[in-house]
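Here is how the chains run, residue by residue.
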Amino acid sequence: MTDAPVPLRLFNSLTRQLEEFRPVHPGEARVYSCGPTVYNYPHIGNMRAYVFADTLGRTLSYKGYKLTHVINITDVGHLTDDADAGEDKLEKAAAERAQSIWDIAKHYTEAYWADVKALGIRQPAHWSIATDYVPAMIEFAKAIADRHCYELDGGLYFDTTTVADYGRLARHGTDEGESRIDPVEGKRHAADFAIWRKTPAGETRQMEWDSPWGRGAPGWHLECSVMSEALLGFPFDIHTGGIDHREIHHPNEIAQNQAHSCSTDSGARMWMHNNFLVERSGKMSKSSGEFLRVQLLIDKGYHPLAYRLMCLQAHYRSELEFSWDGLGAALTRLKRLVMAATSVRDAETVVPSDRRLTDLLARFDAAISEDLNTAVALTLLEETVAMKKIDTGQKRGAVEVMDAVLGLQLLTLSREDLRVRPKAATIGEDEIEAILFRRKEARAAKDFAASDALRDELIAAGVEVMDGDPLGWDWRLAN
Ligand code: AMP
Ligand code: ZN
């Protein structure tokens, strides 16, 4: 094992291969992540996409690159179907709730930001808001309209046969590809998509702008081409999104980028996609069953970083099945890590020089540099915190390096922060502690009848008393 840093290799969806990361601008990493459509709360599956993007960003920082990360907020243009059918998700939500579309966007953007914070996702350099870029989108569309677009009653459409190799990211037209694009009346080819959607005669939308193709709103794919170029240049390094975006949204962005740059350049050196979080019953959805939001996890008493750890246990390119048991196990694992890390909490950080630590750091580097192997990286962090008879300052130094990549906040979280305490609980924490104190006194006085009665009182209030719990949890509230 050597201590030399290994190159960062990442899986590029364009080539379906691991490739060494070679930045466009030496020493820098410029990353764009497709952000949420703010018409509803994000579910925890959506948040997996940002835990992944954040882990990628943290890894790039750890590898020494100056990171510029952009996440956009889609507050216009995303239809109820990715492939150009249906209504604008935000207009629909606003009409259904008789509310201003701007208020809806603001409310759900703030809810998303709260989840970002709860999951320890670092703030990107820019949150780009789609509606701020509509004039730039119109300019972009004007530049490609003559050679690549045609007009229909519904607006301006992109002719996907005008660019080389349309759909290569999705492997359209091959066995690997998943063609599921609905035909829209009048389109020349099924895959053609809207660049500008005209407001139908006699209707008004809450969000509409004048354009050479009539009053209306931009197509969804346009915003990411425009904002990524405006904030990161062309081309930039890495574009991320969930695996669904590999099929329609990103091929369409690539087509726009090729048209606008008059080249075959996709716009990003690498396109990376996280796989889905699924439920046992299948695909995660905002409308069916229990709506799994970060806030629901918190309300049931789970610390949100347990969900982050759950994501890190799986590789980002594997499907991950959510279950409450799985989340509970992740919480216990996080708690063990936090407890073990208390031994270094008060130490002064020292750069590790002990061979055992430098070996662990080298193995950590190798794991995270190989397409973000967070599952292995986690076990190495566990080995590090568990290490005995070692300089605590050096140990702290190693834990800091690893935790900066994994983002579990091991040095600031406390055991108590991780205690399961559902919102619906009828008993307060102070009250539980008070009863437990009385019970301790009763036991010390060998008054077992009183001690049992106090225990029963706690059980009746939904509190499980955990005598001798190895994690020192003492009690937990049933959820
Ligand atoms: P949306 O708000 O629908 O545009 O989605 C936001 C992000 O979440 C996109 O990158 C999607 O690809 C991603 N995404 C959607 N569903 C899931 C899921 N179940 N698991 C992981 N990522 C998802
Ligand atoms: Zn996008």
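On a predicted model such as this, the values are computed, not experimentally measured, just so you know.

Enquirer: I'd like a rundown of the domain arrangement of the chain, residues and numbers included.
Expert: The extent of an interface is frequently quoted as the accessible surface area lost upon association of the parts. Under the domain assignment used here, the chain contains domain 1 (9-278), domain 2 (300-417) and domain 3 (424-477). For domain 1 and domain 3, the distance between their C-alpha centres works out to 53 Å.

Enquirer: Account for the confidence of the model for the chain, naming residues and giving values.
Expert: A residue-level look at the chain finds 94% of positions with pLDDT of 70 or above and a mean pLDDT of 91. The low-confidence segment residues 175-180 (pLDDT under 50) makes eleven contacts with residues lying over four places distant or belonging to another chain.

Enquirer: Outline the pattern of salt bridges, listing residues and values.
Expert: Under the defined criterion, the tally for this structure stands at 27 salt bridges. Put simply, glutamate 96 and lysine 92 hold a salt bridge, and the shortest N to O gap is 3.3 Å. One end of the pair is glutamate 96 and the other is lysine 92, both in helix H2 (residues 89-97) and four residues apart, which spans about a single turn. On the basis of relative accessibility, which here comes to 30%, the residue lysine 92 falls in the partly exposed class. With a closest N to O distance of 3.8 Å, arginine 419 and aspartate 474 form a salt bridge. With arginine 419 in the loop between helix H12 (392-406) and helix H13 (429-444) and aspartate 474 in strand S16 (residues 474-477), the pair connects residues that are 55 residues apart, well separated along the chain. The partly exposed category is assigned to aspartate 474, whose relative accessible area is 40%. Taken together, the shared-partner salt bridges in this structure form one network comprising Arg439, Arg443, Arg455 and Asp467.

Enquirer: Help me get a handle on the site of ligand 1, residues and values and all.
Expert: Taken together, 18 residues surround ligand 1, and among them Thr37, Gly45, Gly242, Asp244 and Leu277 come closest. With respect to ligand 1, the backbone of glycine 242 contributes an N or O atom lying 3.0 Å from an oxygen atom. Between ligand 1 and leucine 277 there is a distance of 2.9 Å, counted from a nitrogen atom to a backbone nitrogen or oxygen. Summarising the interface, the protein chains cover 94% of the accessible area of ligand 1, which totals 490 Å² for the free molecule.

Enquirer: Any chance you could break down the sheet that holds strand S6 (residues 149-152) for me, citing the residues and the numbers?
Expert: Strands pair in a sheet through their backbones, by hydrogen bonds, and they do so in one of two ways: parallel or antiparallel. With respect to topology, four strands assemble into an open sheet ordered S6-S7-S8-S9, the strand pairing being antiparallel. Taken across any chain shown, the strands that pair with only one partner, and hence form the sheet edges, are S6 and strand S9 (216-218). Ignoring which end each strand starts from, the neighbouring axes of this sheet average 25 degrees apart. In the packing of helix H4 (residues 134-148) onto the sheet, contacts are made with S6, strand S7 (155-158), strand S8 (193-198) and S9, and the angle to S7 comes to roughly 65 degrees.

Enquirer: Give a description of the packing of aromatic side chains that names residues and reports values.
Expert: Applying the stated criterion across every chain, the model contains 13 aromatic pairs. For the pair phenylalanine 21 and tyrosine 65, a centre-to-centre distance of 5.0 Å together with 80 degrees between the ring planes defines the contact as edge-to-face. Residue phenylalanine 21 is found in the loop between strand S2 (17-20) and strand S3 (28-33), and its partner tyrosine 65 is found in the loop between helix H1 (44-62) and strand S4 (66-73); the two are separated by 44 residues along the sequence. Phenylalanine 21 gets classed as buried once you look at its relative accessible area, which sits at 4%. On the numbers, 5.7 Å between centres and 80 degrees between planes, the contact of tyrosine 112 with tryptophan 127 is edge-to-face. Here tyrosine 112 is found in helix H3 (residues 101-118), whereas its partner tryptophan 127 is found in strand S5 (residues 126-129), with 15 residues between them in sequence. Note on accessibility: tyrosine 112 and tryptophan 127 belong to one class, buried.

About the thresholds
Residues numbered from 1 in each chain as written. Chains lettered and ligands numbered in written order. Predicted model: local features only at pLDDT ≥ 70, side-chain atom pairs only at ≥ 80, totals over all residues. Heavy atoms only, no water. Domains from an automatic or database assignment. pLDDT = per-residue confidence, 0-100. Contact = heavy atoms within 4.5 Å. Salt bridge = Lys/Arg side-chain N within 4 Å of Asp/Glu carboxyl O. Helix = DSSP H or I, 4+ residues; strand = E, 2+ residues; numbered from the N terminus. Buried < 20%, exposed > 50% of the residue type's maximum accessible area, 1.4 Å probe, protein only. Near = heavy atom within 4 Å. Polar contact = N/O pair within 3.5 Å; in protein donor to acceptor, adjacent residues only side chain to side chain. Areas by Shrake-Rupley, 256 points an atom, 1.4 Å probe, with all protein chains shown as cover. Pairing = 2+ DSSP bridges. Axes fitted to C-alpha atoms, helices over the stretch in contact; angles between N-to-C directions. Phe/Tyr/Trp six-rings, centres within 6.5 Å; stacked < 30°, edge-to-face > 60°.

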